[in-house]
Amino acid sequence: MLTLDHAILKTEFLGRAAHYFETLASTNTTALDLAKRGEPHGSVIIADAQTHGRGRLQRGWRSPAGVNLYMSVILRPQVAPSDAPMLTLVSSIAVIEAIGLCGVNSRIKWPNDALINGKKVAGVLTEMELKSGAVDFIVVGIGVNLNMGEAEIQQMATSGISATSVKIEAGGQAVDRARFAADLINSLEAWYLALVRGGNTRIISEWMDRWDGLNRRVRADLDGNLTEGIAAGIDENGYLIVKTDGGGVRAVVAGDVNFID
Ligand code: BT5
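Residues numbered from 1 in each chain as written. Predicted model: local features only at pLDDT ≥ 70, side-chain atom pairs only at ≥ 80, totals over all residues. Heavy atoms only, no water.

This part is about the packing of helix α5 (residues 177–198) against helix α6 (residues 200–209). Running from N to C, α5 and α6 point in directions that differ by 140°, and their axes come no closer than 7 Å. Our classification of the angle between α5 and α6 gives oblique. Across from Trp-191, Ala-194, Leu-195 and Gly-198 in α5, the residues of α6 making contact are Asn-200, Arg-202, Ile-203 and Glu-206. Taken together, the residues of the contact of α5 with α6 break down into four nonpolar, two polar and two charged. (Axes fitted to C-alpha atoms, helices over the stretch in contact; angles between N-to-C directions. Helix = DSSP H or I, 4+ residues; strand = E, 2+ residues; numbered from the N terminus. Parallel < 35°, antiparallel > 145°, perpendicular 65-115°, else oblique. Contact = heavy atoms within 4.5 Å. Nonpolar A, V, L, I, M, F, W, Y, C, P; charged D, E, K, R; others polar.)

As structure tokens, then:
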């Protein structure tokens, strides 16, 4: 079973309480349940396999046993609900940093993907619960393809999923999952603290440094409402700014954005 390497963990609060499972339907679902029952800020839920790993917009996340990282963290930040997307940005920066420690360079695709040469290696699913209009808690779920082999990647390709793993991109060098999980949590806490202490501006510029979408032509699908234009950055809330062909500017909150150049 995958656990955190506590010799590497150097956090104040993140991962200090951790719950490990062989198999869960979804670490996010379990984290939401635990958080509703009062689980504290910083708790981490890790599963070795997921039977119903979840993506955004009712999509699935392939979660075979024993090879990857499936982790959710419970955060209770004192932020406005409109600032919740900042947690996704923070998490993406941490994912890119942790993959970098494996000697592999990856880039962010707004809002939640980590890509290597256009292939998806990780995804983030951020879910929020409100209480009286304020954030009660936020669950950040992170899936990273660490040691998935060519056969599993090929199988995804036959379903039209363009994916890769850190191991494949590192020339076959296996990733120590317990170490990776601790590295990621260290990084996530550091960037989380940078957000709550320093505000959105620094996070946005760090995120933009790791983003591969600037000035690219995109098509944003907002519940079937299509907008095309040039990706110009993200605003102070973490929304994607698209300069539309008609000369307008749209801020995209959620949904799917694809490159069309
Ligand atoms: C995401 O959604 O990328 C968020 C994925 C979050 C997964 C983690 S695992 C721990 C935690 N517990 C959960 O239940 N979820 C979180 P989205 O942007 O909607 O992308 C989903 C799409 O990615 C799918 O429709 C597939 O096309 C593709 N996909 C599925 N599994 C994949 C995998 N293992 N690697 C790469 N791409 C995958």
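It is the rolling of a water-molecule-sized probe over the atoms that shows where space remains empty. Taken as a whole, this structure holds one cavity of 30 Å³ or more when the rule is applied. Taken together, Lys-109, Trp-110, Trp-211, Val-218, Ala-231, Leu-240, Val-257, Asn-258 and Phe-259 make up the full set of residues lining the largest cavity. Of all the elements, strand β12 (residues 256–259) adds the most residues to the lining of the largest cavity, at three residues. Among the residues forming the lining of the largest cavity, the class breakdown is seven nonpolar, one polar and one charged. (1 Å grid on protein atoms, 1.4 Å probe; cavity = no way out; pocket = protein on both sides within 12 Å on 5 of 7 lines; lining within 4 Å. Points joined across faces, edges and corners; volume = space filled by probe spheres on them.)

Quick look at helix α2 (residues 85–100) now. Across its 16 residues, α2 extends 23 Å between first and last C-alpha, which sits within 8% of the 22 Å expected from 1.5 Å per residue. Of all 16 residues making up α2, 13 are buried, and the element is well covered by its neighbours. (Expected span 1.5 Å × (residues − 1). Buried < 20%, exposed > 50% of the residue type's maximum accessible area, 1.4 Å probe, protein only.)

Attention shifts here to the site of the ligand. Of all residues adjacent to the ligand, which total 28 residues, the nearest are Ser-26, Arg-54, Arg-56, Lys-120 and Asn-145. Asn-28 has a polar backbone atom sitting 3.5 Å from a nitrogen atom of the ligand. Interatomic distance of 3.0 Å between a side-chain N/O atom of Gln-50 and a nitrogen atom of the ligand. Secondary structure elements with two or more residues in the shell around the ligand: α1 (27–36), β3 (69–75), β6 (119–131) and β7 (134–144). Residue contributions to the shell around the ligand peak at four residues, all from β6. (Near = heavy atom within 4 Å. Polar contact = N/O pair within 3.5 Å; in protein donor to acceptor, adjacent residues only side chain to side chain.)

Bringing the packing of aromatic side chains into the picture now. Enumeration according to the criterion identifies two aromatic pairs in this entry. Plain terms: the ring middles of Phe-13 and Tyr-192 are 5.8 Å apart, the flat faces sit at 70° to each other, and that makes the pair edge-to-face. Of this pair, Phe-13 sits in the segment before β1 (18–24) while Tyr-192 sits in helix α5, and the two are 179 residues apart along the sequence. Positioned above the aromatic ring of Phe-259, the side-chain terminus of Arg-216 is 3.7 Å from the ring centre. (Phe/Tyr/Trp six-rings, centres within 6.5 Å; stacked < 30°, edge-to-face > 60°. Lys NZ or Arg CZ within 6 Å of the ring centre and 35° of its normal.)

The subject of this paragraph is the side chain of Arg-177. Relative to the helices and strands, Arg-177 resides in helix α5. At a separation of 3.0 Å, a polar atom in the side chain of Arg-177 contacts the side chain of Asp-48.

Another point: the pattern of salt bridges. Scanning the model with the defined rule gives ten salt bridges in all. The partner of Asp-136 in a salt bridge is Arg-76, with the nearest N and O atoms 3.4 Å apart. With Asp-136 in strand β7 and Arg-76 in the loop between β3 and α2, this pair connects stretches of sequence that are 60 residues apart. Through salt bridges that share partners, Arg-217, Arg-219, Glu-228 and Asp-245 make up one connected network. (Salt bridge = Lys/Arg side-chain N within 4 Å of Asp/Glu carboxyl O.)

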